Amino acid sequence: MREIYLDNSATTRCFPEVAELMSRIYLEDYGNPSSMHHKGVEAEKEIRNARQILAGILKVQPGNLVFTSCGTEGDNLALIGCAMANQRKGRHLITTPIEHPAVLETMKYLETQGFEVTILPVDRQGLVDPADVASAVREDTILVSVMHTNNEIGTVEPVAEIGEAIKAKNPATLFHVDAVQGFGKARIYPKRMKIDLLTVSGHKIHAAKGTGFLYVGDKVRIQNILFGGGQQKGLRSGTENTAGTAGMALAAKMLYDSFDTDIERLYGLRDAFIARVTRIPGVKINGKTDHSGAPHIISVTVPGVRAEVLLHALEDKGVYVSAGSACASNRPHVSGTLTAIGLDKEDLDSTIRISMSVMTTEGDMEAAAAALEEIVPFLRRYTRH
Ligand code: PLP
């Protein structure tokens, strides 16, 4: 059976070029970048090259990047690191209810450490209003964390306007953006957008699991959360993941080299898919359906059918999607984003997420739409109302 993988916001398949590069590094340039001999120097070169590529994409300096093991680590380092380093200036933090648990759970931890956290409202599309951010920022606000692209419904937040609003109110307040779902799908320039800290994860952009980075702006003070050998200017002790980091830079370069055509193609696939599945009676799309939403994430509510049942029925046809947000964990949980945008209990249980990548084809999306057209009426017959 043909495999139709539409769970790219959970994770992506590695680009073959990335896997090849990593394999060569594992087998040849396997030295420790901190070693002083030739093998170390070769590995160090790979890391330096990766820094340059990624910094070039963001239009920042290579020294502004800290390589991490995943998006979760980047978010933790940004939030805890900022809170610890700046607590004398204030203990107030701001975030939104639609953040990934890597941010929300870290905020909860910081509350137990004596920090005060304000959760901003979002509208029915999951949008944060920059004016709300401005009125929430206080003298003692040390950090605002708002994601770039929501992982469940694909809402793209007005981060540049939010950055502007924060700095106008309190120039000392730092701005963190979780760009795990946005990097590779949007052009993101931290300096222009007044972003001080930016989290990226490698496995969402066709690189390896266990890779990521945090951008830390000039003069932004954060404290390290790992203690050890002092690698990466002491901000992230631990031997660098040379192969993974080089692979992540190559994946990012590949995505941004063909950015415009790929994004346009994805929007085309998304528009066609939405037009087709919304003809199934009752089917609704959550979040933005115009091109202000992300090109790759489609949140589909199918009233009268439980998401888990639908997911497995699609799986039987070789189509892989997720129920709510798979990247949180596999334990059953109520979706924070869908609750925050006001979905009722029944719709919450009847929502699946379809997420594409540059590897997704027109045939994949047509097959997925056809599978839904066939399955939904069938499953509804067996659902008691
Ligand atoms: N932030 C967002 C928005 C995500 O979608 C994810 C996905 O899992 C994460 C953070 C965590 O990233 P990682 O899986 O690399 O830890």
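In every chain, residue numbers begin from 1 and rise along the written sequence. The predicted origin of the model limits local features to residues at a pLDDT of at least 70 and limits the giving and counting of side-chain atom pairs to 80 or more, whereas totals for whole chains, interfaces and linings rest on all residues. Values reported for side chains reflect all heavy atoms of the structure, with hydrogen atoms and water molecules removed beforehand.

Asker: Any chance you could break down the overall build of the protein for me, citing the residues and the numbers?
Answerer: The secondary structure listing takes helices from DSSP runs of H or I that are at least 4 residues long and strands from runs of E that are at least 2 residues long, numbered from the N terminus. When you go through the protein residue by residue, the secondary structure sums to twelve helices and 13 strands. Restricting the calculation to C-alpha atoms gives the radius of gyration, and the globule rule supplies 2.2 Å times the number of residues raised to the power 0.38. Here the C-alpha atoms of the protein give a radius of gyration of 21 Å, agreeing with the 21 Å that 2.2 N^0.38 yields for 385 residues. By its C-alpha atoms, the protein is 65 × 50 × 35 Å across when sized along the principal axes. When burial is assessed residue by residue, the protein has 56% of its 385 residues classed as buried. Long-range pairs, those at least 24 residues apart, make up 74% of the contacts in the protein between residues at least 6 apart in sequence. Within the structure as shown, the protein displays about 16500 Å² of accessible surface, and the carbon and sulfur contribution to it stands at 53%. Per-residue accessibility, obtained with a 1.4 Å probe over protein chains only, is compared with the maximum for each type, and a residue is labelled buried under 20%, exposed over 50%, and partly exposed between these values. Residue contacts follow a heavy-atom distance rule, with two residues in contact if any of their heavy atoms lie within 4.5 Å. The accessible surface values rely on the Shrake-Rupley method and a 1.4 Å probe; as for residues, cover is taken only from the protein chains in view.

Asker: Account for the nonpolar core, with residues named and values stated.
Answerer: In this description, a nonpolar core means a group of buried Ala, Val, Leu, Ile, Met, Phe, Trp, Tyr and Cys residues linked to one another through side-chain atoms lying within 4.5 Å. In this structure, L54, F175, F183, L198 and F213 are the most contacted members of the largest nonpolar core, which totals 54 residues. The element contributing the most residues to this core is helix 7 (residues 242–257), with eight residues. Residue-level mapping places this core at the junction of two domains, with at least three residues from each of domain 1 (16–256) and domain 2 (259–382). Dropping the residues within four chain positions of it, L54 is found in contact with L65, F67, F183, F213, M248, A249 and A252. In this structure, I4, F273, M365 and A368 belong to the second largest nonpolar core, which totals 32 residues. Those domain boundaries reflect an automatic or database domain assignment.

Asker: Outline the pattern of salt bridges, supporting the account with residue identities and numerical values.
Answerer: If charged atoms from side chains of opposite charge come close, those side chains can pair. Here, a salt bridge means any side-chain nitrogen of Lys or Arg that lies within 4 Å of a carboxyl oxygen of Asp or Glu. One pass over the full model with this rule turns up 19 salt bridges. Put simply, R24 and E46 hold a salt bridge, and the shortest N to O gap is 3.0 Å. Of this pair, R24 sits in helix 1 (residues 16–27) while E46 sits in helix 2 (residues 38–58), and the two are 22 residues apart along the sequence. With relative accessibility at 12%, the residue E46 sits in the buried group. K284 serves as the salt-bridge partner of D347, at 2.7 Å between the closest nitrogen and oxygen. One end of the pair, D347, is in helix 11 (residues 345–348); the other, K284, is in strand 9 (residues 284–286), and 63 residues separate them in sequence. On the accessibility criterion, D347 (11% relative accessible area) is buried. Within the structure, one salt-bridge network assembled from shared partners comprises R24, D29 and E46.

Keep in mind these numbers describe shape, not what the thing actually does.
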